[in-house]
Amino acid sequence: MIVQQATAADWQHCKRILCVRLDNMGDLLMSAPAMRALKAAPGCHLTLLTSTMAQPLVKNLPEIDDVLLFDAPWVKTATAANAEAFNNLVQQLRSGNFDAAVIFTVYSQNPMPAIMLTYLAGIPLRLAYCRENPYGLLTHWVPEKEPYTFVRHQVQRDLDLVRETGAVITDERLYLQTDESLWPAITQQLESAGADPQQPWLLLHPGVSELKRQYPAEQWIQLGRLLQQQLPGYQLVFTGVQEEQTLINVIQQGIGPGAFSLAGRLQLAAFITLIKHSPLLLSVNTSAAHFAAATGTPVVVLYAKTNPQHTPWQARGRVLYFDVPAPLQSSNEIIRYAYRGFEKENLPPATVANVVQAVLEVLEETGQRLGGELTQALR
């Protein structure tokens, strides 16, 4: 697949490698197995160039030695860097004396700006997928074939990329370090929200960073009520960031007693630890679903038909799908092509009945106590 002059053998003596992943936390986590493969080389030092959105997750990823932050103007961020910041980063990377750079992207992204960044920084070896011929901008070019020829999971895509350098691992799972010392404080937060940590609960995460991936609030309310009917004794604990409190309050109030909110109360490390201790996470397709996969927590995902390659990697559970409203669908033709592929597949729909049935089945499969039988309405 490598068509430039350099070969995998050139990577054997690389000690300082820059990994570029400029997206959000979930994207960074899906690249972690590939970075772990690179890190397995003796004496390898990994520096991650990432966004401020993904920064909070870095301390939970043992593969990473150092981190540099940059909110790239070619990635959707809250505050994009200007040209001066770009030039300053080039100089910072040049002074890092990196032997090589690996640029991780989604197939719908244009890698050229990040490629140019590493080229201007004078990094000797540069590896990336690219749809166009980059000529001298990359020393290791892997022609982009997704999604028109095939579609892989993002984790597999990134592992295949670093395999071009000879980097392989046997354990390809997602993994996050958790801090168990936080658990007593988490139980206090549960209690202060009105929940009983000694009784079973389900974790529900409705918030999204993009409106097109939002599952309707009225359907969350229906889900909550039906889950309470089917699982008497189970508490419904909602999580989310501060900005999602309004949405969660609406859902919580619509469900009534037995629904509790931790929105805005937990730092990221505590949130990940809470997921690890939960019997099941019910979430939209966002970072929380990937955290569940990385902590071994069963997960049921309400998956908007956006990126088919971003389902939770090797997770126990179910994925159910819903359409993105036409006005919110992407203008990126590559994403639109993938969306049309979704339309041809017979995917399980994320109806309220299907979601509740999936939750009950996953709890049963994973040895959790069920509080009731499936009703006739769900059969």
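Up top is the structure these notes are about.
Read on for a plain summary of the structure. Note that the coordinates shown come from a computational prediction; the quantities given were computed from them, not determined experimentally.

**Points about the overall build of the protein**
Assigned secondary structure in the protein consists of eleven helices and twelve strands. Relative to its length of 379 residues, the protein is compact, with a C-alpha radius of gyration of 22 Å against a globular reference of 21 Å. Dimensions along the principal axes, computed over C-alpha positions, put the protein at roughly 65 × 45 × 40 Å. Here the protein, with 379 residues, has 55% of them falling under the buried criterion. Look at the contacts in the protein between residues 6 or more apart in sequence, and 65% of them connect residues 24 or more apart. In the protein, the 28 positive side-chain charges and the 33 negative ones have mean positions that sit 2 Å from each other.

**Some points on empty space enclosed by the protein**
Here the structure, examined in full by the defined rule, presents one cavity of 30 Å³ or more. By volume, the largest cavity is sized at about 70 Å³. Taken together, Lys212, Lys305, Thr306, Val324, Gln329, Ser330, Ile335, Arg336 and Tyr339 form the lining of the largest cavity.

**Focus on the packing of aromatic side chains**
This structure, assessed with the given rule, holds ten aromatic pairs. Between Tyr215 and Trp220 the ring centres are 6.0 Å apart and the planes differ by 90°, which places this aromatic pair in the edge-to-face class. Each member of the pair Tyr215 and Trp220 is classed as buried. The structure contains a cluster of three or more aromatic residues connected by ring pairs, namely Tyr215, Trp220, Phe238 and Phe322. Over the ring of Tyr129 we find Arg157; its NZ or CZ atom is 4.1 Å from the centre of that ring.

**So, the packing of helix H6 (residues 217-230) against helix H7 (residues 245-255)**
Interaxial distance between H6 and H7 falls to 9 Å at its minimum, and their mutual angle equals 40°. Classed by the angle they form, the pair H6 and H7 counts as oblique. The handedness of the crossing between H6 and H7 comes out as right-handed. Residues Ala217, Trp220, Ile221, Gly224, Arg225 and Gln228 of H6 form the contact with H7, whose participating residues are Leu247, Val250, Ile251, Gly254 and Ile255.

**Considerations on the sheet that holds strand E9 (residues 259-261)**
Strand order in the open sheet made by the six strands is E9-E8-E7-E10-E11-E12, with parallel pairing throughout. With one partner strand each, in any of the chains shown, E9 and strand E12 (317-322) form the two edges of the open sheet. Looking at each pair of strands side by side, their axes are set apart by 20° on average, direction ignored. When strand E8 (residues 235-238) meets E9, the two strands line up parallel, connected through three bridges. Note that in E9 the partner of Val237 across the bridge is Phe260.

**Concerning a nonpolar patch on the surface**
Residues Met116, Tyr119 and Leu120 make up a contiguous nonpolar surface patch of roughly 240 Å² in combined accessible area. You can see Leu120 is positioned in helix H3 (residues 112-120).

**Regarding the sheet that holds strand E5 (residues 125-130)**
With parallel pairing, six strands are arranged side by side in an open sheet as E3-E2-E1-E4-E5-E6. At either margin of the open sheet sits one strand with a lone partner, and together these are strand E3 (66-69) and strand E6 (140-143). Strand after strand, the sheet turns through a mean of 20° between neighbouring axes, direction not considered. Where strand E2 (residues 45-50) and E3 come together, four bridges link them in parallel fashion. Bridging from a neighbouring strand, Thr50 pairs with Leu69 of E3. Along the sheet face, helix H4 (residues 154-163) touches strand E1 (16-21), strand E4 (100-103), E5 and E6 and points at about 140° away from the line of E5.

**Topic: the side chain of His140**
Checked against the element boundaries, His140 lands in strand E6. Residue His140 is classed as buried on the basis of its relative accessible area of 0%.

**Topic: the layout of surface pockets**
To find the voids left in a structure, one rolls a probe of water-molecule size over its atoms. Counted as a void, the largest pocket has a volume near 1,500 Å³. The wall of the largest pocket is formed by 49 residues, among which Asn24, Ser209, Arg213, Thr286 and Ser287 lie closest to the centre. Here the second largest pocket defines a volume of roughly 220 Å³. Surrounding the second largest pocket, 16 residues form its lining, Trp11, Gln12, Ala41, Thr165 and Ala167 being those nearest its centre. Each residue belonging to the lining of the second largest pocket can be placed in one class, and the counts come to twelve nonpolar, three polar and one charged.

What counts, and where the lines are drawn
- Residues numbered from 1 in each chain as written.
- Predicted model: local features only at pLDDT ≥ 70, side-chain atom pairs only at ≥ 80, totals over all residues.
- Heavy atoms only, no water.
- Helix = DSSP H or I, 4+ residues; strand = E, 2+ residues; numbered from the N terminus.
- Rg over C-alpha atoms; globule rule 2.2 N^0.38 Å.
- Buried < 20%, exposed > 50% of the residue type's maximum accessible area, 1.4 Å probe, protein only.
- Contact = heavy atoms within 4.5 Å.
- Lys, Arg positive; Asp, Glu negative; His and termini not counted.
- Charge placed at Lys NZ, Arg CZ, Asp CG, Glu CD.
- 1 Å grid on protein atoms, 1.4 Å probe; cavity = no way out; pocket = protein on both sides within 12 Å on 5 of 7 lines; lining within 4 Å.
- Points joined across faces, edges and corners; volume = space filled by probe spheres on them.
- Phe/Tyr/Trp six-rings, centres within 6.5 Å; stacked < 30°, edge-to-face > 60°.
- Lys NZ or Arg CZ within 6 Å of the ring centre and 35° of its normal.
- Axes fitted to C-alpha atoms, helices over the stretch in contact; angles between N-to-C directions.
- Parallel < 35°, antiparallel > 145°, perpendicular 65-115°, else oblique.
- Left-handed = near helix turned anticlockwise from the far one by under 90°.
- Pairing = 2+ DSSP bridges.
- Patch = residues over 30% accessible without salt bridge, like charges linked within 9 Å, V, L, I, M, F, W, Y side chains within 5 Å.
- Areas by Shrake-Rupley, 256 points an atom, 1.4 Å probe, with all protein chains shown as cover.
- Salt bridge = Lys/Arg side-chain N within 4 Å of Asp/Glu carboxyl O.
- Nonpolar A, V, L, I, M, F, W, Y, C, P; charged D, E, K, R; others polar.

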